[in-house]
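Structural description and commentary
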Amino acid sequence: MLRVRRPQVTLYVDRSSQHWVVLDLDGSFWKLPNVENPWDQREPFYPTEETELEPIPGHYKYLLGLPLD
């Protein structure tokens, strides 16, 4: 059987606020603070009309301590 792997998280940058933003498998957005282990200190993020999310390649996930695929 063929198995399709989905990424555990998708990484974005919010151009309006200059923050890293993560979308998890549950559809929740998280803002990552500028600290050593940002995933451990993530905060809920609620996009607004001013939010400009730009997708970031997945190979940057390890820099932020994000769950890898």
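Residue positions are counted from 1 within each chain, in the order its sequence is given. A pLDDT threshold of at least 70 governs which residues receive local features in this predicted model, and a stricter bar of 80 or more applies before side-chain atom pairs are shown or counted, although totals over entire chains, interfaces and linings include all residues. Note that the side-chain values use all heavy atoms of the structure and ignore hydrogens as well as water.

With respect to the pattern of salt bridges
Definition used for salt bridges: Asp or Glu carboxyl oxygen within 4 Å of a side-chain nitrogen of Lys or Arg. Summed over all chains, the structure comprises 2 salt bridges. Here E54 ties to R15 by a salt bridge, and the two come within 2.9 Å at their closest N and O atoms. Within this pair, whereas E54 is found in strand 5 (residues 53–55), its partner R15 is found in the loop between strand 1 (9–14) and strand 2 (19–24), the two being separated by 39 residues in sequence. Only protein chains enter the accessibility calculation, which uses a 1.4 Å probe. A residue is then buried if its area is under 20% of the maximum for its type, exposed if over 50%, and partly exposed in between. Overall, E54 belongs to the partly exposed group, its relative accessible area being 34%. Taking the shortest distance from any N to any O, the salt bridge between K31 and E43 comes out at 3.8 Å. A run of DSSP states H or I qualifies as a helix once it reaches four residues; a run of E qualifies as a strand once it reaches two. Both are numbered from the N-terminal end.

Quick look at the sheet that holds strand 4 (residues 43–44)
Should DSSP find at least two bridges between two strands, the strands are taken to pair. An order of 4-3-2-1-5 is seen for the 5 strands of this open sheet, with the pairing classed as antiparallel. Because the sheet does not close on itself, it has two edges, and the strands there are strand 4 and strand 5. By the bridge criterion, 4 bridges tie strand 2 to strand 3 (residues 29–32) in an arrangement that is antiparallel. Its bridge partner being in strand 3, V22 is matched across the sheet by W30.

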